[in-house]
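Given next are the chains, with one letter for each unit.
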Amino acid sequence: MKVAILTGGGDCPGLNAVIRAAARGCGACGGYMVGVQNGWQGLLEANYKPLTLDTVSGILPLGGTILGTSRTNPFTQEGGPEQIMKNVEAEGIDAVLAIGGEDTLGVAMKLHRDFGLKVVGVPKTIDNDLSGTDYTFGFDTAVSVATEAIDRLHSTAESHNRTMVVEVMGRHTGWIAVMSGIAGGADAVLIPEFPLTVEEVAELVMRRQERGKNFSIVVVSEGAKLTWHSGAEESILASSETDAFGHVRLGGVGSVLGQQLERLTGTETRVTILGHVQRGGTPTARDRILATRFGIKAAEMIEAGHWGKMAALRGDRIDEVELVDAVDTCKYVPREFFDIASVFFG
Ligand code: F6P
């Protein structure tokens, strides 16, 4: 069986570990893989890269993706899905393995449902916002990077008696913020799911000052709105232009929050926006293991012909779920994680 493998959406530590494991697993089942360059764009353009035992060797610890990626949505292009089906047939591709988040897997689901493409999915995103799986690979690495940053900011915050605002990624969910906030001991965490007002955050900073703690670490998720006691709220965007999947570019809420906290508390405040650092570089051991388990599972699903499904982590088991259920709704942070983080606020 000839299987095309592609990586779509934002890159993520662990993508290469999935490619390596899936190629090995597929080979063990008597099949072989061809790489598709730059996500769905590569299937539109018939842009392939041979994947051999040799090309997937040594890539386990590498960040990024050896196949390249893009945020291409074939459904926004005239005749896009039909072109993909034509190219798949012309290349003699029997099945497609799509590694991605809700956008890439949403395309996979529609190509399967509406065009009969034989497809299997693997969940990827540093945001951990994909339903159907407890965790996605890449998330642990992002949380580790953010936690290390918080640790480092603690010492400089304390030396200078400053408030440090750290903005992390996560899109419309606060998974990275809440988990790195717990791991790093943040004094306040702002996430889209459970908003704190700017005044409440300022009070937390001042409460710490009252008990002799003249420094604070405030973690804010890029998708958090700034909310005020009056009920006013403000969304901060890096750009209101949307990508092919309709997403605006987030970023910058940390800077506005920092200015407001300085004004309300009178404390010198600095802002760190972690940005793409959270996505780059080598995956943690946990992400390498999860990515490898997903890759092996995907090869098994392909061999068994379980089309339209996605490998998923449920508890400590690697399971299968319907793609349609995974991309249907966003997975938000449950209250219990925020409650744990908030025990340490102020
Ligand atoms: O979905 C992953 C992610 O890193 C989000 O956390 C972030 O909002 C977005 O991608 C950034 O996208 P880009 O790489 O296009 O700037």
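For clarity, every value in this text was computed on a predicted model and none was experimentally measured.

What counts and how
- Residues numbered from 1 in each chain as written.
- Predicted model: local features only at pLDDT ≥ 70, side-chain atom pairs only at ≥ 80, totals over all residues.
- Heavy atoms only, no water.
- Pairing = 2+ DSSP bridges.
- Helix = DSSP H or I, 4+ residues; strand = E, 2+ residues; numbered from the N terminus.
- Axes fitted to C-alpha atoms, helices over the stretch in contact; angles between N-to-C directions.
- Contact = heavy atoms within 4.5 Å.
- Domains from an automatic or database assignment.
- Buried area = accessible area lost by both parts, 1.4 Å probe.
- Salt bridge = Lys/Arg side-chain N within 4 Å of Asp/Glu carboxyl O.
- Buried < 20%, exposed > 50% of the residue type's maximum accessible area, 1.4 Å probe, protein only.
- Near = heavy atom within 4 Å.
- Polar contact = N/O pair within 3.5 Å; in protein donor to acceptor, adjacent residues only side chain to side chain.
- Areas by Shrake-Rupley, 256 points an atom, 1.4 Å probe, with all protein chains shown as cover.
- Nonpolar A, V, L, I, M, F, W, Y, C, P; charged D, E, K, R; others polar.

Another aspect to go through is the sheet that holds strand E1 (residues 2–7). The mixed open sheet is built from seven strands, whose spatial order is E3-E2-E1-E4-E5-E14-E15. Each end of this open sheet is capped by a strand with a single partner; those strands are strand E3 (48–50) and strand E15 (317–322). Recorded for the sheet is a direction-independent mean angle of 30° between the axes of neighbouring strands. Relative to E15, strand E14 (residues 309–314) runs antiparallel, the two being bridged by six bridges. Looking across to E15, one finds that Lys309 is bridged to Glu322. In the packing of helix H4 (residues 102–115) onto the sheet, the strands contacted are E1, strand E4 (95–100), strand E5 (119–123) and E14, and the crossing angle to E4 comes to about 155°. Against the sheet, helix H9 (residues 285–304) touches E1, strand E2 (32–36), E4, E5, E14 and E15, its axis set at about 140° to E14.

Here the focus is the domain arrangement of the protein chain. Per the domain assignment, the segments making up the protein chain are domain 1 (2–138 + 281–328) and domain 2 (143–278). Distance from the C-alpha centre of domain 1 to the C-alpha centre of domain 2: 33 Å. With 13 residues of domain 1 at the interface, the matching set in domain 2 holds 13 residues. Buried surface at the junction of domain 1 and domain 2, both sides included, amounts to about 1,200 Å², of which 56% is carbon and sulfur. Here domain 1 is connected to domain 2 by zero salt bridges.

This part covers the pairing of strand E8 (residues 216–221). Taking burial as the measure, the six residues of E8 include six buried ones, the bulk of the element. Neither face of E8 is open: one carries Ser216, Val218 and Val220, the other Ile217, Val219 and Ser221, and all of them are buried. Where strand E6 (residues 163–168) lies against E8, six bridges are found, and the strand directions are parallel. Each bridged residue has a counterpart across the sheet, and for Glu167 the counterpart in E8 is Val220.

On to the site of the ligand. In the vicinity of the ligand, the residues found are Arg71, Ile126, Asp127, Met169, Gly170, Arg171, Glu222, His276 and Arg279. Note that an oxygen atom of the ligand is positioned 2.8 Å from one of the side-chain N or O atoms of Arg71. Glu222 places a polar side-chain atom, nitrogen or oxygen, 2.5 Å from an oxygen atom of the ligand. The fraction of the free accessible surface of the ligand (400 Å²) that becomes covered by protein chains is 80%. Along the lines of polarity and charge, the residues of the shell around the ligand split into two nonpolar, two polar and five charged. Split by domain, the residues of the shell around the ligand number at least three in each of domain 1 (2–138 + 281–328) and domain 2 (143–278).

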